[in-house]
Amino acid sequence: MQVTENQKKSFFKGLTGQILIAMFLGAALGIILHNTISPEAAQSFSTKIKMLATIFIRLVQMIISPLVFTTLVVGIAKLGDIKTVGRIGGKALGWFFTASFISLLIGLFYVNILQPGVGLKLEHVDMAAASEVTGKTQNLSFENFVEHIVPKSIIEAMATNEILQIVVFSIFFGLAAASLGSTVKPIINAFDKLSHIVLKMVNYVMNFAPIGVFGAIAAVFAIRDAEELVITYFKFFGSFLIGITTLWVLLIAVGYIFLKGRMTELLKRITGPLAIAFGTTSSEAVFPKLTEELEAFGVRDRIVSFMLPLGYSFNLDGSMMYMTFASIFIAQFYNVHLDLGTQMAMLLVLMLTSKGIAGVPRASLVVVAATCGMFDIPIEGIALILPIDHFCDMFRSATNVLGNALATSVVGQWEEGKGVEIDLSK
């Protein structure tokens, strides 16, 4: 199919095209500065230019809490009863845990077949840099898991963007509102209007996305010697890319099985969110935009508002694949033998512990460090993957977005024609 000149122009004027251009310009600027100025000046530049990405992500974060709360309350009220909520929630969790398990298995398979940590020689590993991550492993406990699920204050949960806690409160609020019938329709209608205002804000914030991506990419390349990193970590990064590519192929294939030809349309719609997640290494940064795109794709708002917040806590396919891969890579580097039974036990531990760290910075690394400690793998080994982690994070963030878009779309299709929505217009 031939691409017309008008189509080319519209692409580069669109958000996705602008983000890709911003990524290229950011990388080019970062590489030039890395090769022409002192390391101290490069570090100073990186810190300052990264503020562009920080501002963009903070602008998105300010939208997430009101968006999740208002859309989910309206969605639950439309669902109307706890039975329907339970049915959709059951399907969602079934999909999430199945996808997580398969993602973990893919990481387990490739790290054992390709063995990127065997015989690897790494010099000048900065062990001190790992202290920030390893210090957070104490948060991974059953008590912490419960705290991340059950809110003690909805205000606190919103202030800290604890999405899972907001979901729990919203479900209770929505079910209570639905049980009161027509008397609370004015309130639900007000929440409905408020959610549309917040979605309008999304459009304004997304105009800043290319600038944020530019800052994020330039900051990394200014202080990292990309060529040296690629050579040093060629086997690790190459093996990881093979694993993540396999996961993408599997996810897209499953999408075509369930969505048929509509999967192509879904991929086109989420190209922008995928590019933002890739550039900023933050799947959270695209939450509002992804909500908008999935509703435009045709998934009912009640399904989107219910599925996406859950998915952001329970369905991180890219991160799951990386966790087994990185954990066993560290074991291989230190020549710690893990038999198949131990590796499967590690996989189950990762499956459970990863569900309690939504909102924790560098969450994947925190889980990897904690898991290494449980299986007598040197916890300081996390320092081995820190230099390359940002580049891996770009791919796993985009994969998380793809996985959640697919899960929401498929469950939305399963729910077509089921349940009765409450007419809020009356």
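In the nomenclature of an unreviewed UniProt entry, the chain is known as Dicarboxylate/amino acid:cation symporter of Flavobacterium hungaricum. Looking at the Subcellular location (unreviewed entry) heading of the UniProt record, one finds this comment for the chain: "Cell membrane".

### Side note on the packing of aromatic side chains
Inspection of the entire model under this criterion finds 21 aromatic pairs. Look at Trp95 and Trp414: their rings are 5.9 Å apart centre to centre, the planes differ by 70 degrees, and that puts the pair in the edge-to-face class. Pair noted here: Trp95 is in helix H4 (residues 82–114) and Trp414 is in helix H20 (residues 382–414), with a separation of 319 residues, a long-range link. Among the aromatic side chains, those forming a connected cluster through ring pairs are Tyr233, Phe236, Phe237, Phe240, Phe278, Tyr322, Phe325, Phe329 and Phe395. Here Arg396 stacks its cationic end above the ring of Tyr322, 4.1 Å away from the centre of that ring.

### Side note on the packing of H4 against H20
It is the contact of H4 with H20, at a shortest axis distance of 10 Å, that shows an interaxial angle of 140 degrees. By the criterion of interaxial angle, the relationship of H4 to H20 is oblique. The handedness of the crossing between H4 and H20 is right-handed. Every residue of H20 that contacts H4 at Ile88, Lys91, Trp95 and Phe96 is listed here: Leu406, Ala407, Val410, Val411 and Trp414.

### Examining the UniProt feature "transmembrane region" (unreviewed entry) in the chain
UniProt's feature table lists "transmembrane region" (unreviewed entry) at residues 12–35, 55–80, 92–113, 163–184, 204–224, 236–259 and 365–386, given in the numbering used throughout. Helix makes up 77% of residues 163–184 and strand makes up 0%, while its end C-alpha atoms are separated by 25 Å. Annotation note: span residues 365–386, helix share 68%, strand share 0%, distance between end C-alpha atoms 9 Å.

### Examining the nonpolar core
Nonpolar side chains tend toward joint burial in soluble globular proteins. In this structure, Phe56 and Phe236 are the most contacted members of the largest nonpolar core, which totals 119 residues. Considering each element in turn, this core owes the most residues, 16 residues, to H20.

### Describing the side chain of Thr408
The topology assignment puts Thr408 in helix H20. Looking at Thr408, the relative accessible area reads 1%, which means it is buried. At a separation of 2.8 Å, a polar atom in the side chain of Thr408 contacts the main-chain carbonyl oxygen of Asn404. Among all residues touching Thr408, those that are not within four sequence positions of it are Leu294, Val299, Ile303, Val304, Met307 and Leu308.

### Comments concerning helix H14 (residues 271–280)
Among the 10 residues in H14, eight count as buried, and that is most of the element. Taken together, the buried positions of H14 are Gly272, Pro273, Leu274, Ala275, Ile276, Ala277, Gly279 and Thr280. Downstream of H14 by one or two residues, Thr281 has phi in the positive range, about 55 degrees.

### Some words on the pattern of salt bridges
Summed over all chains, the structure comprises nine salt bridges. Here Glu415 and Arg87 are joined by a salt bridge, their closest N and O atoms 2.6 Å apart. Note that Glu415 is positioned in the segment after H20 and Arg87 in helix H4, a separation of 328 residues in sequence. Of the residues examined, Glu415 reaches a relative accessible area of 1% and is grouped as buried.

Parameters and conventions
- Residues numbered from 1 in each chain as written.
- Predicted model: local features only at pLDDT ≥ 70, side-chain atom pairs only at ≥ 80, totals over all residues.
- Heavy atoms only, no water.
- UniProt positions renumbered as here; feature names shortened; annotations may be inferred.
- Phe/Tyr/Trp six-rings, centres within 6.5 Å; stacked < 30°, edge-to-face > 60°.
- Helix = DSSP H or I, 4+ residues; strand = E, 2+ residues; numbered from the N terminus.
- Lys NZ or Arg CZ within 6 Å of the ring centre and 35° of its normal.
- Axes fitted to C-alpha atoms, helices over the stretch in contact; angles between N-to-C directions.
- Parallel < 35°, antiparallel > 145°, perpendicular 65-115°, else oblique.
- Left-handed = near helix turned anticlockwise from the far one by under 90°.
- Contact = heavy atoms within 4.5 Å.
- Core = buried A, V, L, I, M, F, W, Y, C linked by side-chain atoms within 4.5 Å.
- Buried < 20%, exposed > 50% of the residue type's maximum accessible area, 1.4 Å probe, protein only.
- Polar contact = N/O pair within 3.5 Å; in protein donor to acceptor, adjacent residues only side chain to side chain.
- Salt bridge = Lys/Arg side-chain N within 4 Å of Asp/Glu carboxyl O.

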